[in-house]
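Descriptive structure summary
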Amino acid sequence: MLRPVKLAILGVLRGSGIFRWLTNSRWRQERLLILCYHGTSLEDEHLWRPELYLQPQKLKQRLESLKKGQFSVLPLGEALQRLRAGTLPPRSIALTFDDGTYDFFRQAYPLLKHYGFPATVYQTTYYSAVKLPIFNLICSYMLWMRRGEVVAESDDLGLQAPLDLRTESSRSAVLGELMRTSEHRSGPEKDEIAAKLARVLNIDYERLRAKRILQLMNESELEEISRNGIDVQLHTHRHRTPEDETLFRNEIQENRLAISKATATEPVHFCYPSGVYHPAFLPWLRKENVASATTCDVGLADRGSESLLLPRFIDHQNRTQLEFESWITGVGDLLAVRRKAAEHV
Ligand SMILES: [Zn+2]
């Protein structure tokens, strides 16, 4: 369905009271909406990746609507238990944040505390320990900062000059070349490459580093949020899911070890990095005593949902308040089901 048409339909449904009716229905009470967020901008990250980031005021608006609509925001573990037992309270929601970037600590965490809402952070841990910006993301962000330009000088990086940063696809070609040439380097070596890229682009890398843009939370920050009602859970150590059992399980084990060390808890909930999953992963997750796993597939979870393939709704800068409301009430799920059914016809 075309987006303007869909939004117009949602507007009519909200105006006619369907949202209010469905949100209080038994159908909705038997379902859990797991909301998925990534980053909350420190500066202008939502303009760089609007589907990964959102502005703090937009997150505040979402939390305010959950409060006003008297939604039951539950800790993920409790929500999943009550979903299975059929004892969910009306309008159940679980909040999840992927990756565990520093901006969570700085922007989202104070808002969650203000509203008294529990949340789960799916924490990837390699860059948390090395305390450096995430290489592929900081490079992509810096190339975006110089969007529209053609940069002549790139000798330092061993890339083909000039660097054409005029379009999204030309920037992505430069990024791809940079990733290929630095593939087997260590984290600190990659960071030197990122610093060189900053010099070539005339960007103050020290400022970005000091502001901790695109860095992860460190051990003491994880300890603090965990002590204050934020549940820190699994997202692999290096944000990847190898299709080899030993390598895959190592990712979970290293991730769990780093989280346990910081928070003194034993994480058992998992989120597939980049939403990528494969049927072979399920028995490997069970062997690692993983109790639940969330995907990026859209939907509300019900009693029959596979625990290791739970759907979520990904919220971000480009989602309107109307779309958000359609999902928390359940209307969005009904429309999505109809669309999926139509695809099979
Ligand atoms: Zn992720």
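Up top is the structure these notes are about.
Residues numbered from 1 in each chain as written. Predicted model: local features only at pLDDT ≥ 70, side-chain atom pairs only at ≥ 80, totals over all residues. Heavy atoms only, no water.

1. Thoughts on the packing of helix α7 (residues 102–115) against helix α13 (residues 219–227)
Interhelical geometry of α7 versus α13 gives an angle of 35 degrees and a closest axis separation of 10 Å. In terms of crossing hand, the pair formed by α7 and α13 is left-handed. Together, Y102, F104, F105 and Y109 of α7 and E221, E224 and I225 of α13 make up the contact between the two elements. (Axes fitted to C-alpha atoms, helices over the stretch in contact; angles between N-to-C directions. Helix = DSSP H or I, 4+ residues; strand = E, 2+ residues; numbered from the N terminus. Left-handed = near helix turned anticlockwise from the far one by under 90°. Contact = heavy atoms within 4.5 Å.)

2. Observations concerning the nonpolar core
L66 and L95 are the most contacted members of the largest nonpolar core, which has 83 residues in total. What L95 contacts, discounting residues up to four positions off in sequence, is L35, Y37, L63, L66, V73, L112, F117, P118, A119 and T120. In terms of nonpolar packing, the next biggest core, distinct from the first, is built from 13 residues, L74, L76, L80 and L310 among them. (Core = buried A, V, L, I, M, F, W, Y, C linked by side-chain atoms within 4.5 Å. Buried < 20%, exposed > 50% of the residue type's maximum accessible area, 1.4 Å probe, protein only.)

3. Re the coordination of the zinc ion
Only D99 (OD), H235 (NE2) and H239 (NE2) from the protein reach the zinc ion as donors, at distances of 2.0 to 2.2 Å. The sequence pattern describing where the donors of the zinc ion fall on their chain is D-x135-H-x3-H. Of this pair, D99 sits in strand β5 (residues 92–99) while H235 is found in the loop between β9 (230–234) and α14 (245–263), placing the two residues 136 residues apart along the sequence. Residues D99 and H235 agree in their burial class; the two are buried. (Donors = N, O, S within 2.8 Å, 3.2 Å for Na, K, Ca; no water.)

4. Some details on the environment of Q160
Its location among the elements puts Q160 in the loop between β7 (150–151) and β8 (163–164). On a C-alpha basis, the gap between Q160 and H316 in space is 35 Å, while along the polypeptide they are 156 residues apart.

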